[in-house]
Amino acid sequence: MTLFKVCIAIAAACALSACGEPRDHKNEARLGIALEPPNLDPTAGAAAAIDEVVYANVFEGLTRIGPNGEVLPALAASWDISPDRLIYTFHLHEGVRFHDGTTFDALDVKFSLDRARAPTSTNAQKALFEPIANVDAADPTTVRITLSQPRSDFLFNMGLGDAVIVAPESAASNASKPMGTGPFQFSRWLKGTQIELVRNDGYWGTRAKLDKVVFLMIPDPSAAYAALLAGDVDSFPNFPAVELLPQVKDDRRFTIAVGTTEGETILAINNAKPPFNDIRVRRAISHAINRNDLINGVGEGYGTPIGSHFAPHNKAYIDLTGRYPYDPAKARALLAEAGHANDIQATLRLPPVLYARRGGEIIAQQLKAVGINAKIENIEWAQWLDQVFTRGDFDLTIVSHTEPNDIGIYARDDYYFHYAKPEFKALMTALAAAPTEDDRTRILQDAQRMLSDDAVNAFLFQLPKIGVWNARLHGQWVNSPVQANDMTAAYWTKN
Amino acid sequence: MVTYLLQRLLSLGLTLVVATAVIFVVLNVVPGDPASYMMGLNADPQALAQLRQEMGLNDPAWQRYFVWLGNLATGDLGLSYTYRVPVTELIGERLGVSLPLTLMATALSLIIAIPLGVMAAARRGKITDAAIVGATQLGIAIPNFWFALLLVFVFATTLRWFSAGGFPGWDEGPSALQALILPAIALALPQAAILTRITRSSLLETLSEDFIRTARAKGLSEAQTLRRHALRNAMIPVLTILGLQFTFLLAGAIIVENVFYLPGLGRLVLQAITQRDLIVVQGVVVVLVAVAVAVTFLVEIAYMLADPRVRTQRQ
Amino acid sequence: MTAQTLSPNLIIGLVLTNVIAAAAVLSLIWTPYDPTTIVVEQRLLAPSLEHWFGTDHFGRDVFSMVLQGARNSIAVALIAVGVGIFFGVPLGLWAAARQGHLADEIISRANDLVFAFPALLLAILITAIAGASATNAILAIGLFNIPVFARLTRGSALSLWSRDYVLAARVAGKGTIAISRDHILPNIANLLIVQGTIQFALGILAEAALSYVGLGTQPPDPSWGRMLAESQTFVALAPWLAIFPGAAIVITVLGLNLLGDGLRDLLDPKMRADR
């Protein structure tokens with residue numbers, strides 16, 4: 001009774017203070033993201049969540065990756081490549097300043113790249129800088145980079161978040177106060193809730209249209225949905241509650257943009273551990289999986305089936321999904337042939353992401369149907385990284401590899417699924433030195449076929465990027481060639 | 001009595017020190033590494049090792065414990081591995097949300113519980129009493145996260161009277177307060193149910209004591225007796241429970257904070273556990289244990305002041 | 001039993017707990033569907049004659065899941081209370097027998113220590129170390145039940161130690177253990193049963209909370225708490241997913257609490273709530 005009165009009183013107070021009114025948007029965009037970045041420096045101790053906030057918005061590199069994965073000029077207006085493909089000469093923009101007012105020039109480029117490849121570097125993708133033999137600041141607007149061997153993906157790599165240019169004056173404090181050259185500058189960070197960026201009016205290029213971008217950390221899918229409906233958030237570049245899309249679809253306030261990502265979702269198999277070192281067992285697993293049911297059950301039918309470790313939107317992609325059609329009988333036959341009819345006991349370790357947790361339940365059941373008893377173990381990321389990824393201690397796991405062009409991980413020794421076949425390593429060495437685009441494509445296609453033939457992992461589907469945002473907010477990326485929320489071109493319209 | 005208090009103080013202090021050791025040992029057997037959590041799937045092993053070095057993770061555990069304990073004595077809880085800012089600063093920021101939330105929930109539960117408890121006691125055996133007691137049974141049985149979900153569904157998603165969650169920061173004034181209303185209600189309901197029961201039974205107990213009978217004999221009306229004599233005496237157990245609940249709420253709001261994605265202490269520690277930012281976990285747990293110990297001590301003192309029997313029995 | 005002892009609390013409590021217990025037992029031999037079978041085509045069906053409580057996002061039958069969830073919830077909570085009694089009661093008896101001695105002091109301080117720790121947080125930490133599983137949920141909940149029973153036992157045993165019949169037994173040369181076993185324990189059994197019922201209810205809530213954050217019973221075994229967690233995003237689409245498991249928790253806890261109150265009235269008239 002009294003409780004009811006209290007509710008009424010609060011509701012009345014609320015109505016008086018007009019909290020039911022829609023929030024005045026001014027000229028800002030509020031984006032919902034799932035993970036809070038641990039810090040804001042993409043070049044040191046980096047996590048993917050950092051790029052989602054600062055890439056292209058706050059920090060820029062020599063090149064940048066465009067909305068569809070293309071390499072575009074950024075701080076370097078143009079570049080020349082020597083005929084032997086070892087010397088890259090970058091011509092930098094003039095009049096560029098960092099947000100704290102210090103000028104940007106060739107020395108900053110040299111500093112940033114040398115810092116990233118130094119022995120004391122904590123750059124998470126240090127390998128990107130390995131081919132660099134020397135960085136030479138020829139004059140304030142010219143940088144000459146010499147490579148030790150030709151790298152066909154060098155310009156792409158220089159456009160990644162790990163290769164952005166920082167200033168020696170502010171490099172140490174970028175973690176909490178990022179100081180870049182981008183069209184937005186860091187304003188404040190309310191830990192656990194939101195990070196705010198404001199427009200950099202002194203930007204050297206085309207100025208951003210929005211005054212302000214706010215990133216809100218909302219890890220919970222239902223909270224995300226509620227926040228969207230309540231108008232607290234203008235955009236979820238990666239909407240976490242796929243199952244609610246039918247609800248959103250009917251609501252004309254919102255736009256749904258389904259695009260692609262670089263996330264190959266795989267059922268990773270420990271290739272070193274019996275019985276999974278037997279190719280027949282691995283092939284049986286591939287035959288046992290019904291990708292359609294999986295994609296329907298995990299992501300409401302969003303997601304493209306894949307047959308190897310390669311993104312379908314890439315021009316070197318070949319469709320290998322027909323290699324192992326869903327065929328439980330064939331799977332059982334292969335297992336029997338390998339001498340493992342109904343006797344495989346395995347653990348399926350699942351990290352705390354929806355596609356793994358939901359996909360895991362479905363796959364466990366599909367495997368059970370062919371006589372593989374996969375016991376589910378739900379673990380945290382920290383445990384997953386420790387047990388599965390670092391120590392390679394697992395049977396089966398589900399994970400999405402979201403780094404762009406990462407087929408090369410199959411050539412790594414001691415990588416957690418323990419493949420590293422010499423023939424495959426040879427392919428990757430040839431790829432790095434591929435002289436023409438056609439050679440690159442051919443080698444990449446051979447690599448895809450080899451992985452599929454060997455059934456290294458069960459390749460499931462390409463993770464979709466499902467963006468949901470206010471229909472009046474335009475200019476956001478539909479696809480996700482790199483993990484970023486580039487808001488530099490975003491703007492509001494009246495209706 | 002002073003000696004006894006000093007003894008208790010000493011043993012509680014000892015409890016605190018043992019607690020730091022327990023928590024440190026527990027945290028050091030947790031598998032996982034903050035550095036590899038930060039750097040992710042494709043991390044370069046060399047860079048990873050360098051980061052671990054920078055974080056001071058390569059020192060032996062006992063050395064880290066004593067450094068941490070030494071700093072603790074000076075009020076320094078160390079530097080967060082992931083955020084790279086002092087842990088005290090992080091805890092301070094989060095207390096700015098958790099403390100007001102806990103206070104609101106406690107106040108709300110009192111506002112609901114005291115009148116209901118008094119009403120039930122005054123009409124004991126009647127239908128009102130039965131209804132109130134029944135309602136409290138229900139209140140205790142409802143899991144607060146489920147209640148929180150229902151609140152969001154009704155008041156935020158459907159009616160849109162409140163935002164579904166989040167916290168705009170205290171700079172925003174009224175809307176910051178508003179963001180805490182639904183979470184406070186979700187937290188307050190089960191507490192109110194418990195407090196109502198305590199108030200009721202404690203009042204009934206007091207009402208049966210001699211001095212109340214005397215008051216009645218003097219010709220005071222039922223309501224007067226309740227107000228003038230019984231209520232005040234019945235408040236002691238209520239306040240005790242309230243004190244215990246306060247610490248419980250401070251840490252126990254984890255799930256409710258999650259539903260409303262509030263940047264409170266619970267969320268901080270949950271996130272720190274997933275990121276293996278163990279120095280933050282240590283800090284938060286020690287602070288919470290210290291608060292719990294302090295509250296226990298205060299409750300004991302209050303008991304002693306209020307009830308002479310406890311005093312004499314102990315001596 | 002007289003009519004007076006059969007309070008409404010006891011009757012309602014018995015009925016509710018029996019319903020849930022029956023559901024748990026029934027799930028051992030029969031559920032309408034296999035609660036773990038995934039039929040993606042039949043997802044999110046509203047309650048109907050075929051599926052009384054509807055189906056979930058994997059097309060599993062919610063009624064079957066709630067039935068089997070009862071078994072899992074009860075098992076975890078019951079064993080956790082058992083752990084609390086098994087360790088807590090002997091500790092409490094020992095402390096009472098050695099009142100004022102070192103053992104008493106250590107046990108009491110250890111109790112303080114466990115009480116001072118934020119319970120849910122420590123449970124989360126325990127599962128972070130040992131991994132999420134029903135067993136670890138039992139251990140985490142059980143750990144916090146130990147001091148509850150130790151304190152209760154010590155407190156009530158202390159007053160018994162000064163009773164005449166205990167003194168007589170002591171004079172007769174009976175040992176501490178024998179006295180605790182023959183004279184103290186039988187006299188506090190009622191109290192323990194009442195407290196056990198209440199802790200059982202709290203255990204159900206704790207299991208639900210742990211499962212809700214993903215730390216309790218693991219899939220594919222259904223659990224009410226996890227069903228609620230999974231229902232969250234579907235609430236707007238399929239409210240039955242949140243309503244039935246939630247109601248099951250409420251009914252169980254309500255039933256146990258009422259049963260506890262009723263038992264207290266019955267077994268220990270001095271402590272009657274409505275005195």
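Residues numbered from 1 in each chain as written. Chains lettered and ligands numbered in written order. Predicted model: local features only at pLDDT ≥ 70, side-chain atom pairs only at ≥ 80, totals over all residues.

K.L.:
With reference to specific residues and values, describe the overall build of chain B.
P.N.:
Looking only at helices and strands, chain B has 15 helices and zero strands in total. A burial count over chain B gives 48% of its 315 residues as buried. A separation threshold of at least 6 residues defines the contact pool for chain B, and within that pool the share at least 24 residues apart is 72%. (Helix = DSSP H or I, 4+ residues; strand = E, 2+ residues; numbered from the N terminus. Buried ≥ 20, exposed ≤ 12 C-beta atoms within 10 Å, placed from the backbone. Contact = placed C-beta atoms within 7 Å.)

K.L.:
Would you mind going over the overall build of chain C in detail, with residue names and values included?
P.N.:
Scanning chain C from N- to C-terminus turns up nine helices and zero strands. Along chain C, helices and strands appear, N-terminal first, in the series α-α-α-α-α-α-α-α-α. Referenced to the eigenvectors of the C-alpha coordinate spread, the extents of chain C come out at roughly 75 × 50 × 30 Å.

K.L.:
Lay out unusual backbone geometry with the relevant residues and their values.
P.N.:
Working note: non-glycine residues mostly have negative phi, and peptide bonds are mostly trans. Residues and elements named next belong to chain A. Following proline 274, the chain continues into proline 275 via a peptide bond in cis, with omega recorded as 0°. Within the fold, proline 275 resides in the loop between strand E12 (254-269) and helix H7 (279-288). Despite not being glycine, aspartate 414 has its phi angle at roughly 65°, a positive value. Tracing the backbone shows aspartate 414 in the loop between strand E16 (396-401) and helix H12 (422-432).

K.L.:
Could you give me a rundown of the sheet that holds strand E6 (residues 132-139) of chain A, with the residues and numbers involved?
P.N.:
In any sheet, the strands associate via hydrogen bonds between backbone groups, in a parallel or an antiparallel arrangement. Residue and element names in this part refer to chain A. Judged by pairing direction, the sheet is antiparallel, and its four strands sit side by side in the order E4-E5-E7-E6 without closing on themselves. The sheet terminates laterally at strand E4 (76-81) and E6, the two strands that pair on one side only. Sheet twist, expressed as the average angle between the axes of neighbouring strands with direction ignored, equals 20°. Summarising the sheet, E4 and strand E5 (residues 87-92) pair through five bridges and their orientation is antiparallel. Paired with alanine 76 across the two strands is leucine 92, which belongs to E5. Helix H3 (residues 106-117) contacts E5, E6 and strand E7 (142-147) of the sheet and is inclined by roughly 165° relative to E6. (Pairing = 2+ DSSP bridges. Axes fitted to C-alpha atoms, helices over the stretch in contact; angles between N-to-C directions.)

K.L.:
So what about the interface of chain B and chain A? Which residues, and what values?
P.N.:
Contact residues are listed per partner, giving 52 residues for chain B and 52 residues for chain A. Going through the elements one at a time, helix H2 (34-39), helix H3 (45-55), helix H5 (87-122), helix H7 (144-158), helix H8 (174-179), helix H12 (254-259) and helix H13 (265-275) of chain B are the ones with two or more residues in the side of chain B that touches chain A. Examining the composition of the side of chain B that touches chain A, we find that six residues originate from one element, H5 of chain B, more than from any other. Residue classes in the side of chain B that touches chain A are distributed as 26 nonpolar, 17 polar and nine charged. (Nonpolar A, V, L, I, M, F, W, Y, C, P; charged D, E, K, R; others polar.)

K.L.:
Explain helix H8 (residues 224-231) of chain C to me, and be specific about the residues and the numbers.
P.N.:
Most of H8 of chain C is tucked away, with eight of its eight residues classed as buried. By the burial criterion, the buried members of H8 of chain C are Trp224, Gly225, Arg226, Met227, Leu228, Ala229, Glu230 and Ser231 of chain C. Each element contacted by the buried residues of H8 of chain C is listed here: H7 of chain B together with helix H2 (62-97), helix H7 (176-212) and helix H9 (240-267) of chain C.

K.L.:
Break down the packing of H7 of chain C against H8 of chain C for me, with residues and values.
P.N.:
Residue and element names in this part refer to chain C. Taken N-terminus to C-terminus, the directions of H7 and H8 make an angle of 40°; their axes are 7 Å apart at the nearest point. On the basis of their axis angle, the class for H7 and H8 is oblique. The crossing of H7 and H8 is right-handed. Across from Glu207, Ala208, Ala209, Leu210, Ser211 and Tyr212 in H7, the residues of H8 making contact are Trp224, Gly225, Arg226, Leu228 and Ala229. Tallied by class, residues from the contact of H7 with H8 come to seven nonpolar, two polar and two charged. (Parallel < 35°, antiparallel > 145°, perpendicular 65-115°, else oblique. Left-handed = near helix turned anticlockwise from the far one by under 90°.)

K.L.:
Outline the packing of H12 of chain A against helix H13 (residues 437-453) of chain A, listing residues and values.
P.N.:
Axis angle and axis distance: for two packed helices, these are the angle between their axes and the distance between the axes, and together they describe the pair. Residue and element names in this part refer to chain A. Contact geometry for H12 and H13: axes closest at 10 Å, N-to-C directions at 160°. In terms of their interaxial angle, H12 and H13 are classed as roughly antiparallel. For the crossing formed where H12 meets H13, the hand is left-handed. Between H12, through Glu423, Phe424, Leu427, Ala430 and Leu431, and H13, the contact on the second element is made entirely by Arg440, Ile443, Leu444, Asp446, Ala447 and Met450.

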